[in-house]
Amino acid sequence: MNVIVAVQDYINRMVGTVPGIKVLIMDNETAGMISMVFPQSAILQKEVFLFEKIDQKRESMNHPKAIVFLRPTPENIAHLVAELRQPKYGEYHLFFSNTLKNILLDELAQADEHEVVKEVQEFFADYYAVNTDLASLNLDEAMTLSSPSWHASQERMLEGLSSVLLSLKKRPFV
């Protein structure tokens, strides 16, 4: 039961199954999650030559393959939908750090008019692996019942806890 190894295994599967030169596209959170368990030099050895953020402008390059690793949030999906409508890369391999809701998956399918998406997978790495036996959700504030963000914090905690348990091959029952 090692959360660092669990996230490393997901990252290895992500970059190891796509052959050739790759670009890794992340959001701010998944970039932090990856950097906690993998040095950039180790990912570079797996033919990932460029690291990009989903919310930043990028140049078009048809040759490299895009590996996209995002939290399945509406904001990230909106950025990805815009990207898929005007693709910058020859093909896209989509990986989400937790369960993707069907409505968001439908949005992605409709946006893929150029048929550049080759795969969509859910990996349960929706947390920051701090130590072998410690994970963080990187929440900014303490959760209180009177907090206006009570529902969002509660939802994020459930998603994060489920992700930790599933990545450790434990069956959560909430």
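All values derive from a computational prediction rather than experimental measurement. Within each chain, residues carry numbers counting from 1 in the order of the written sequence. Predicted model: local features are reported for residues with pLDDT of at least 70 only, side-chain atom pairs are reported and counted for 80 or more only, and whole-chain, interface and lining totals are derived from all residues. The basis for every side-chain value is the complete set of non-hydrogen atoms in the structure, without hydrogens or water.

Chemist: Quick question: what am I supposed to make of the side chain of E52 here?
Modeler: Strands are runs of DSSP state E lasting at least 2 residues, helices are runs of H or I lasting at least 4, and numbering of each runs from the N terminus. Here E52 lies in strand β2 (residues 48–53). R58 provides the closest opposite charge to the buried, unpaired E52, separated from it by 5.0 Å. What makes two residues a contact is simply this: any of their non-hydrogen atoms within 4.5 Å. If sequence neighbours within four positions are ignored, E52 has contacts with V23, L24, I25, M26, R58 and Y89. Here's how the labels work: a residue is buried when its accessible area is under 20% of the maximum for its type, exposed when over 50%, partly exposed in between, all with a 1.4 Å probe on protein chains only. Asp and Glu are treated as the negative residues and Lys and Arg as the positive ones, with His and the ends of the chain left uncounted. Salt bridge, as applied in this entry: a Lys or Arg side-chain nitrogen positioned within 4 Å of an Asp or Glu carboxyl oxygen.

Chemist: Is there a simple way to explain the packing of aromatic side chains in this structure?
Modeler: One pair of aromatic rings is described through two measures. These are the centre distance and the angle between the planes. By convention, a stacked pair of Phe, Tyr or Trp rings (six-membered ring in the case of Trp) has centres within 6.5 Å and planes under 30 degrees apart, an edge-to-face pair has planes over 60 apart, and any other such pair is tilted. Inspection of every chain in the model, using the stated rule, returns three aromatic pairs. Here Y10 and F123 contribute two aromatic rings whose centre-to-centre distance is 4.9 Å and whose plane-to-plane angle is 20°, an arrangement assigned as stacked. Taken together, the residues span a long stretch of sequence, with Y10 in helix α1 (residues 3–16) and F123 in the loop between β5 (117–122) and β6 (128–131) at a distance of 113 residues. Residue Y10 is classed as buried on the basis of its relative accessible area of 5%. Residues F95 and F123 carry aromatic rings whose centres are separated by 5.2 Å and whose planes lie at 35° to one another, so their mutual orientation is tilted. Here F95 is found in strand β4 (residues 91–96), whereas its partner F123 is found in the loop between β5 and β6, with 28 residues between them in sequence. In this structure F95 comes out as buried when scored by relative accessible area, which is 0%.

Chemist: Where do I start with the environment of P19 in this structure?
Modeler: Considering the arrangement of structural elements, one finds P19 in the loop between α1 and β1 (22–26). Its relative accessible area of 53% is what places P19 among the exposed residues. In this structure, the C-alpha to C-alpha distance between P19 and P64, residues 45 residues apart in sequence, is 9.9 Å.

Chemist: What's the story with a nonpolar patch on the surface in this structure? I'm lost.
Modeler: Patch definition: residues with relative accessible area over 30% and no salt bridge; like charges joined within 9 Å; nonpolar side chains (Val, Leu, Ile, Met, Phe, Trp, Tyr) joined within 5 Å. The accessible surface values rely on the Shrake-Rupley method and a 1.4 Å probe; as for residues, cover is taken only from the protein chains in view. A cluster of nonpolar side chains, namely M36, V130 and L134, defines an oily patch on the protein surface of about 250 Å² accessible area. Its relative accessible area of 38% is what places M36 among the partly exposed residues.

Chemist: Just to check I follow, could you spell out the sheet that holds β1 for this structure?
Modeler: Paired through backbone hydrogen bonds, the strands of a sheet run either parallel or antiparallel to each other. Two strands make a pair as long as DSSP finds a minimum of two bridges between them. Taken in spatial order, the five strands of this open sheet run β2-β1-β3-β4-β5, and their pairing is parallel. Edge positions in the sheet fall to β2 and β5, since each of these pairs with one other strand and no more. When the angles between neighbouring strand axes are averaged without regard to direction, this sheet yields 20°. Sheet topology places β4 next to β5; five bridges connect them, and they run parallel. Paired with Y92 across the two strands is V117, which belongs to β5. Inter-axis angles, ranging from 0 to 180 degrees, are taken between N-to-C directions of lines fitted to C-alpha atoms, where helices are fitted over the stretch in contact.

Chemist: Help me understand the nonpolar core, please; the structure alone is not making it clear to me.
Modeler: Where a protein is soluble and globular, its nonpolar side chains tend to be buried together. Only buried Ala, Val, Leu, Ile, Met, Phe, Trp, Tyr and Cys residues count toward a nonpolar core, and they belong to the same one when joined by side-chain atoms within 4.5 Å. The biggest cluster of nonpolar side chains holds 29 residues, and the ones touching the most others in it are I34, F69 and Y127. If near-sequence neighbours (up to four positions away) are discounted, I34 is found in contact with I11, L24, M26, I43 and F69.

Chemist: Help me understand the pattern of salt bridges in this model?
Modeler: A side chain of one charge can pair with a side chain of the opposite charge if their charged atoms are brought near each other. Taken as a whole and assessed by the stated rule, the structure comprises six salt bridges. Ionic pairing is found between K22 and E47, a salt bridge with its closest N-O pair at 4.0 Å. Of this pair, K22 sits in strand β1 while E47 sits in the loop between α3 (40–44) and β2, and the two are 25 residues apart along the sequence. The class for K22 is buried, based on a relative accessible area of 1%.

Chemist: Quick question: what am I supposed to make of helix α5 (residues 102–111) here?
Modeler: One turn of the α-helix equals 3.6 residues, which is why residues spaced by three or four share an orientation. Within the span of α5, buried status applies to L104, L108 and A111. For α5, the arc enclosing every buried residue in end-on projection is 65°, short of the 170-degree limit, so these residues lie on one face. Opposite the buried face of α5, by more than 90 degrees, sit the exposed residues N102, I103, A109 and Q110. Of the surrounding secondary structure, the elements contacted by the buried residues of α5 are α4 (74–85) and β4. This arc is taken over the directions from the axis of the helix to the C-beta atoms.

Nothing here speaks to function; it is all geometry.
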